[in-house]
Structure formats: structure tokens, C-alpha cells
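As a plain string of letters, each chain reads:
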Amino acid sequence: MDNIIDYIDWRGDLTFEQSGFNEVDNMIFSQISYLNLGVIKGKVSIAELGQRYIKSIEDREKEQGSYVTNLITRIEGMFLRTYSSNRFKDVLVSDFINKFDEVNESQFSAMTFTIDSDTIYVAFRGTDDTIIGFKENLNMSFSAPVPGQLDSVSYLKTILDKYDSKNIMVGGHSKGGNFAVFAVSGLSQKERDRISTVYNNDGPGFTEKILKSYGYKDTVKKVKKYIPKDSFVGILMDDEEKYIVVNASGASGILQHDGLNWEVKGKEFVKRNNVTEKSEFVDKTVKYWLEGLDKEQREEFVDELYNIVKNSTNANRLNEISENRLSATYNFIRKMTNMDSEKREMMQDTVMRLIHSGSEVKKKEKERRKVRRIFLKNK
């Protein structure tokens, strides 16, 4: 199966002038936004940034105890292919911002790619592996807007004031896709009219308040949303965006969420007609569960879940939990047991609602199939 790295190897000799921007290029820029590229003054070419990045990797490898996640290592491998390719080496990167706010539970990062004199792509970073990034994703199920979403609007407004490019595209992967849509929704009509396309690569949806806003409804017309066949993240919550289903490798929706696992043929993703039954089941189950919880219940559950994860593991990053699963699991259970009875009952009740939601969805699906069989038999 070919992926975006194979695309770079195959398409890398053609400049954007020879072959225009496409959906796969969108994913490549979204992936690059996951990297910390250091201080960028003005506009710096990907070729120069690539050479700098090689040096930073060499320095990192000399340091004892230095560690990067498998995802970042893979994205680095992809990035180091772009800097020597005709297609990407002359693309200019600017306006890199990277904010981490533990107090406000926010992680925000973005950068801007100038492809040519008339075309820019504004990329918002998705969820990194920090616990704060994880918490911000959960906050989006009840809070509208979260700090990172507000940051995305401010950042995009700054870019629009700074550049007069005719073709302005905005995008991101995972939470970055959500931020891209929200950023455009938060613009004035005049500003929004300057945006040609919004790329949402498997980003989660929005609260009802945002969905009802004029800015969101006007933005939807510009959105191209892509989700993998077993999507888990991109189906969370609601949106009004028509999505395109992409073939992806990996046994689960979490693995398929990784943009490096999306299947590419030529200059397009390999498409499917529908998501899998597994993805549909998860979608219906989560939505059924959330409908049974009011804003206060969602917020309380998310806060308590985050506190348990944080206090039972002392981890700052998700990979620190996965590295010691047995100890983390033991401490998680112990922390839940030690909660006061009211909070423990709330947590158990909320989890049981989720399990019950799955049972109800299965029951409804079984009844629907039964009715359909009877209908087809008597047709």
C-alpha cells in the first residue's frame, strides 16, 4: 500500500507549477505542523529547515535520555524527504507558533506555508502526545470554545492581515482539522470570503452551539473532510460536513487516524463509499451516550477522568503511560477506589451509560435488520 511518503518519492520531482496543489499535499503540510521547527525568523525554505532539522536530530541523539514518540520519528522521516524534493524544497515556512498552557489546559501550534506568490496553506497542529492535549480534546465535548479554538481564530486573522495571497487554504489533522474549521468560522464575512478551501483531516466535530452559528454554516461550504474507513476521532461529536472516506492500514480507528497510514494512489487518496460497520457502531454509541449527559455531567466526568489519569500515573505524555501499563492500570484502579463515594458513583454511572449505549445501539441495529429481512421476504 502506498502512502504519503511514497507519494513524495513519486511526485517529488514535479514542482507545484508543473502539477498543482492536491489533497495529498494537504496531508503532508498537516503532518509537518506536528514538528517543532525551532525559531523561524521571516520566511525560511523547507530545504533550509530540513538541513537544520538534521542537525537537531544529531544533537538529540547525543543527549542521554532524549526521547521522541514513534509518530514524530515517522513524521521526521517524511519531512526529511520533502526538503530534498523539487516539489517541496522551495516552499517557505513562516509564522510558527507553539503554545503550551497547562493552567488553561490548552496546547496550540500552527505554521504557514507559502507555496507560491499567490498560494498559502495555513496548518494547525493536531493533538500531540501530551496529557494536556488529551484533556483539551475531551473538553471539546462540553466546552465551546476551548482556548485552542480561540487561538486558531486569532492566528488566522493575523495571517490574513499579513498576506494578500489570492488562494488561501486552511487545514489540519485531528484536532488541527477541528481548529481549521473553527478558525474560518470565527472570521468576518469579508475575511472568510478570502479562504478558498478548508481541509479537515479526521478532525472531531463541535458542540450544538457552534453548529448553529452562521459562521460555521457558511464555512461548511468550503470544507473538505477526510476520514479513514474505521474512523474513531473524526466521527466524535457532530458536524454538518460531508466527508470522504479513505482507505487506511491498521486494525483500529486509532491506528488509521495516523495520516501516514492513509492509502495514496497517484495524487489522490484511495477512496471508499462508506465507513465500516465498526466505525458506524462507535459513532452511534458515543452520540447516544453523549445525548444522555448534560453539559455539567460531561464536564464533571472529563475532569475526574483527567485527574485520575494525571494523579495515578504522574505522566505528562501519553507514551509515559503506555510504557508502564501494568503500574498505570493498578494506580488508576486504586485512585478510583479511593474517590469519595459521590464522585465514584458518578464515574461508574457514566461509564455504565456508555456500556448501555453500546447495548442499545446493537439492539436497535438487530431490530432494524430483522425488519429489513421481513420486508425483503414479503416484497
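Up top is the structure these notes are about.
A brief report on the enclosed structure follows. Nothing here was measured: the structure is a model prediction, and the numbers come from that model.

Within this structure, the stated rule accounts for 15 salt bridges. Here Lys-212 ties to Glu-208 by a salt bridge, and the two come within 3.0 Å at their closest N and O atoms. Glu-208 matches Lys-212 in its accessibility class, with the two residues each being exposed. Counted as one network, the salt bridges with shared partners bring together Arg-192, Asp-218 and Lys-221.

A few words now on the environment of Pro-204. Within the secondary structure, Pro-204 sits in the loop between strand 6 (195–201) and helix 9 (208–211). The class of Pro-204 is buried, set by a relative accessible area of 8%. With 34 residues separating them along the chain, Pro-204 and Asp-238 place their C-alpha atoms 7.8 Å apart.

Let us look at a negative patch on the surface. Taken together, the side chains of Glu-17, Asp-116, Asp-118 and Asp-164 make up a negatively charged region of the molecular surface. Take Asp-118: it is sitting in the loop between strand 3 (106–116) and strand 4 (119–124). For Asp-118, a relative accessible area of 33% translates into the label partly exposed.

The phi angle at Ser-174 is positive, at roughly 60°, despite the residue not being glycine. If you check the backbone angles, Asp-202 has positive phi at about 55° while not being a glycine.

Turning next to the packing of helix 1 (residues 4–11) against helix 2 (residues 23–32). Between helix 1 and helix 2, the shortest axis-to-axis distance is 10 Å and the interhelical angle comes to 115°. At the point where helix 1 passes helix 2, the crossing takes the left-handed sense. Contacts from Ile-4, Tyr-7 and Ile-8 of helix 1 reach helix 2 at Val-24, Asp-25, Met-27, Ile-28 and Gln-31. Here the contact of helix 1 with helix 2 is built from residues that sort into six nonpolar, one polar and one charged.

Of all the six residues making up strand 4, six are buried; the element is thus mostly covered by neighbouring parts of the structure. Both faces of strand 4 are covered, namely the face carrying Thr-119, Tyr-121 and Ala-123 and the face carrying Ile-120, Val-122 and Phe-124. Where strand 4 and strand 5 (residues 167–173) come together, six bridges link them in parallel fashion. Along strand 5, the bridge assignment pairs Tyr-121 with Met-169.

Another aspect to go through is the nonpolar core. Counting 42 residues, the largest nonpolar core has Ile-28, Phe-29, Ile-32, Leu-37, Ile-46, Met-78 and Phe-113 as the members making the most contacts within it. Among the elements that take part in this core, helix 2 stands out by supplying five residues, more than any other. Not counting residues up to four positions away in its chain, the partners in contact with Ile-46 are Phe-29, Ile-32, Phe-79, Thr-82, Tyr-83, Phe-88, Lys-89, Val-91, Val-93 and Phe-113. Grouped together as the second largest cluster of nonpolar side chains are 30 residues, Leu-156, Phe-179, Ile-195 and Val-220 included.

Looking now at helix 2. Counting buried positions over the ten residues of helix 2 gives ten, a clear majority of the element. Buried residues of helix 2: Glu-23, Val-24, Asp-25, Asn-26, Met-27, Ile-28, Phe-29, Ser-30, Gln-31 and Ile-32, and no others. Capping of helix 2 at its N-terminal end is provided by Asn-22; its side-chain oxygen lies 2.9 Å from the backbone amide nitrogen of Val-24.

What follows covers the side chain of Ser-30. With respect to the helices and strands, the residue Ser-30 is situated in helix 2. Looking at Ser-30, the relative accessible area reads 0%, which means it is buried. One polar contact links Ser-30 to Asn-201, side chain to side chain, over a distance of 3.5 Å. Apart from residues lying up to four places away in sequence, Ser-30 is in contact with Tyr-121, Gly-171, Gly-172, His-173 and Asn-201.

Reading the values: the criteria
Residues numbered from 1 in each chain as written. Predicted model: local features only at pLDDT ≥ 70, side-chain atom pairs only at ≥ 80, totals over all residues. Heavy atoms only, no water. Salt bridge = Lys/Arg side-chain N within 4 Å of Asp/Glu carboxyl O. Buried < 20%, exposed > 50% of the residue type's maximum accessible area, 1.4 Å probe, protein only. Helix = DSSP H or I, 4+ residues; strand = E, 2+ residues; numbered from the N terminus. Patch = residues over 30% accessible without salt bridge, like charges linked within 9 Å, V, L, I, M, F, W, Y side chains within 5 Å. Areas by Shrake-Rupley, 256 points an atom, 1.4 Å probe, with all protein chains shown as cover. Lys, Arg positive; Asp, Glu negative; His and termini not counted. Charge placed at Lys NZ, Arg CZ, Asp CG, Glu CD. Axes fitted to C-alpha atoms, helices over the stretch in contact; angles between N-to-C directions. Left-handed = near helix turned anticlockwise from the far one by under 90°. Contact = heavy atoms within 4.5 Å. Nonpolar A, V, L, I, M, F, W, Y, C, P; charged D, E, K, R; others polar. Pairing = 2+ DSSP bridges. Core = buried A, V, L, I, M, F, W, Y, C linked by side-chain atoms within 4.5 Å. Polar contact = N/O pair within 3.5 Å; in protein donor to acceptor, adjacent residues only side chain to side chain.

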